[in-house]
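Reading the structure
Given next are the chains, with one letter for each unit.
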Amino acid sequence: MAMIGGGRNAFIGAVHRIAINMDGQVDIVAGSLSSNPEIAIASGQDLFFDEERIYTDYKTMLEKEAAMPKDKRIDFVSIVTPNFVHFDPAIMALEKGFHVAIDKPMTFTLEEAKKLKAKVDETGLTLLLTHTYTGYPMIKQARQMVKNGVIGKIRKVYVEYPQGWLSNFLEGSNNKQAEWRTDPKRSGIAGAMGDIGTHAFNMAEYVTGLKVSKLCADLNVVVDGRLLDDDGAVLLKFDNGASGVLMASQIAAGEENCIKIRVYGEKGGLEWKQEDANTLLVRWLDKPTEIYRAGTGYVSSYASHNSRTPAGHPEGYLEAFGNLYRNFILTVRAKMNGEKPKDEWLDFPGVEEGIRGMAFIENVVAAGKSNEKWREFVV
Ligand SMILES: NC(=O)c1ccc[n+]([C@@H]2O[C@H](COP(=O)([O-])OP(=O)(O)OC[C@H]3O[C@@H](n4cnc5c(N)ncnc54)[C@H](O)[C@@H]3O)[C@@H](O)[C@H]2O)c1
């Protein structure tokens, strides 16, 4: 495989590489790792790529890799660049016959997301969208329990993603990650809602299996001089009539990355948070709360397939990321061998979730500006 972005000093590219290497199924052999040619070359050397497979622009890389003999050529490409450099490399990679892993939000606009889906459908290739948190085993357990009706018809969803790292005007102090995330030209029309609200939205739809059909949003720019929302709350209506609340903030001082979800049905409720990722609380109307743990014999095949260690050995963010890649790779491999992927392998976010995420961004920003109480969720 090859990587686009993720050079020296980049954040998420290195996390992707750890996740990819976790199961020993893939070699990372090529890359155009930075927008800066010198850093692209130095970063490729850091990873011991052959000199001829260190590229300073992704177009040349995709051209040259596509022209290689089949046994030498890459099978897929991971795109870990800022949001405005997602669509073009993804389309080109698919056109050259490569599967694609891409970080969220999938594209810069909803229109691009739809074009990307059309290209995925046309080529029959596979796309992984790295919504990290739905790779956790106990999130998969929660989804299966809801699906099997264990807590009854879903009535209420609370999902939140509080961060504090943008509590100050960090974009004014040479912090690359803060700079592009707060710049509408590179991040898109949303700030916190695009960056982490999309994760919360994806988690709510994934765990419940429901679709948001209406929303009402309050978006705020709290830090002076900032150009995009850094805080917000959204009321949700789901397609089964359930209601929900989604909160995303990057100015919640002192908060780290404790994404959390609570889902309540007619018979009971589920609660999960990243700071205690191997635990799922299952609440009941008529008996004490139960504590489900990852790696045990009683969890679903989906949860156990996504654990690597026996119960009690902490697995976290990196393993959740690894699960996304493992399922993507198992699926791609099965398809390449003409085999049918197992249902557990196919359980990773893809282009459909990418479209929902981009629709969330466009709807939430429009709802934030609107004086109407409810806005239909338009895709
Ligand atoms: N899934 C998650 O949990 C998660 C977490 C963080 C970031 N992300 C997403 O990952 C993406 C990258 O975020 P980041 O924080 O790592 O950003 P970053 O600024 O740390 O890194 C971006 C990298 O892309 C490179 N780049 C930019 N333009 C390029 C081009 N034309 N060709 C090659 N390389 C290019 C930069 O040089 C840099 O190496 C974003 O879309 C972000 O939303 C996802």
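Report on the accompanying structure. (Residues numbered from 1 in each chain as written. Predicted model: local features only at pLDDT ≥ 70, side-chain atom pairs only at ≥ 80, totals over all residues. Heavy atoms only, no water.)

Examining the sheet that holds strand β1 (residues 2–4)
How we decide: Here, strands pair whenever DSSP counts at least two bridges between them. Runs of E in the DSSP output that reach at least two residues are strands. Runs of H or I that reach at least four are helices, and both are numbered from the N terminus. Between N-to-C directions, angles cover 0 to 180 degrees, with each direction set by a line fitted to C-alpha atoms, over the stretch in contact for helices. Any two residues whose heavy atoms approach within 4.5 Å at even a single point are treated as in contact.
Read from one edge of the open sheet, five strands run β2-β1-β3-β4-β5, paired in parallel fashion. Of all the strands in the sheet, the pair left with one neighbour each is β2 (30–32) and β5 (127–129). In this sheet, adjacent strand axes meet at a mean angle of 15 degrees when their direction is disregarded. Alignment of strand β4 (residues 99–102) against β5, held across three bridges, turns out to be parallel. Following the sheet pairing, Ile 102 is matched in β5 by Leu 129. Helix α4 (residues 87–95) rests against β1, β3 (76–79) and β4 of the sheet, and its axis sits at about 160 degrees to β4.

Here we look at the sheet that holds strand β14 (residues 375–376)
An order of β13-β12-β11-β10-β6-β9-β8-β7-β14 is seen for the nine strands of this open sheet, with the pairing classed as mixed. Two strands close off the open sheet at either side, each with one partner strand: β13 (290–293) and β14. As defined by bridge partners, strand β12 (residues 279–284) adjoins β13 across four bridges and the pair is classed as antiparallel. Considered in β13, the bridge of Leu 280 is made with Tyr 292. Across the face of the sheet, helix α6 (residues 137–147) comes into contact with β6 (154–162), β10 (260–265), β11 (268–273), β12 and β13 while running at roughly 30 degrees to β12.

With respect to the nonpolar core
To keep it simple, the criterion reads: Definition used in this section: a nonpolar core is a set of buried Ala, Val, Leu, Ile, Met, Phe, Trp, Tyr and Cys residues joined via side-chain atoms within 4.5 Å. Exposure is judged per residue with a 1.4 Å probe applied to protein chains only, and the accessible area is read against the type maximum: over 50% gives exposed, under 20% gives buried, and values in between give partly exposed.
Grouped together as the largest cluster of nonpolar side chains are 83 residues, with contacts concentrated most on Leu 246 and Trp 272. Among the elements that take part in this core, helix α12 (residues 351–369) stands out by supplying nine residues, more than any other. Every residue in contact with Leu 246, bar those within four places of it in the chain, is listed here: Val 159, Met 193, Gly 197, Ala 200, Phe 201, Gly 232, Ala 233, Val 234, Leu 236 and Phe 360. Among the nonpolar cores identified, the runner-up in size contains 22 residues, and Val 15, Ala 101, Leu 128 and Phe 348 belong to it.

Looking at the packing of helix α9 (residues 192–208) against α12
A pair of packed helices is captured by two measures, namely the crossing angle of their axes and the spacing between those axes. Operational definition: These descriptions rest on fixed angle ranges, namely under 35 degrees for roughly parallel, over 145 for roughly antiparallel, 65 to 115 for roughly perpendicular, and the rest for oblique. Here a crossing is taken to be left-handed if its near helix is turned anticlockwise relative to the far helix by less than a right angle, and right-handed if that turn runs clockwise. Note on residue classes: Ala, Val, Leu, Ile, Met, Phe, Trp, Tyr, Cys and Pro are nonpolar, Asp, Glu, Lys and Arg are charged, and everything else, Gly too, is polar.
Two elements in contact, α9 and α12, have axes whose closest approach is 9 Å; the angle formed by their N-to-C orientations is 120 degrees. Taken together, the axis directions place α9 and α12 in an arrangement best described as oblique. Crossing angle aside, the handedness with which α9 passes α12 is right-handed. Together, Met 193, Gly 194, Gly 197, Thr 198, Phe 201, Asn 202 and Glu 205 of α9 and Glu 353, Arg 356, Gly 357, Phe 360, Ile 361 and Val 364 of α12 make up the contact between the two elements. Residue composition of the contact of α9 with α12, by class: five nonpolar, five polar and three charged.

Points about the pairing of β12
Both β11 and β12 contribute to a ladder of four bridges, which runs antiparallel. Bridging across to β12, Gly 269 finds its partner in Arg 283. A loop of five residues connects β11 with β12, the two strands running antiparallel in sequence. Here β12 folds back onto β13, and the loop between the two strands holds five residues.

Re the packing of aromatic side chains
Convention followed: What counts as a ring pair is set by centres within 6.5 Å for rings of Phe, Tyr and Trp (its six-membered ring), and what kind of pair is set by the plane angle: stacked under 30 degrees, edge-to-face over 60, tilted for all other angles. Note on criteria: charge over ring means Lys NZ or Arg CZ within 6 Å of the ring centre, with the direction from the centre no more than 35 degrees off the ring normal.
Here the structure, examined in full by the defined rule, presents 12 aromatic pairs. Aromatic rings pair up to connect Phe 76, Tyr 325, Phe 328 and Phe 348 into one cluster. One cation-aromatic arrangement involves Arg 143 over Tyr 206; the distance from NZ or CZ to the ring centre is 4.5 Å. Across the ring face of Trp 284, the terminal group of Lys 287 is positioned such that the distance to the ring centre comes to 4.6 Å.

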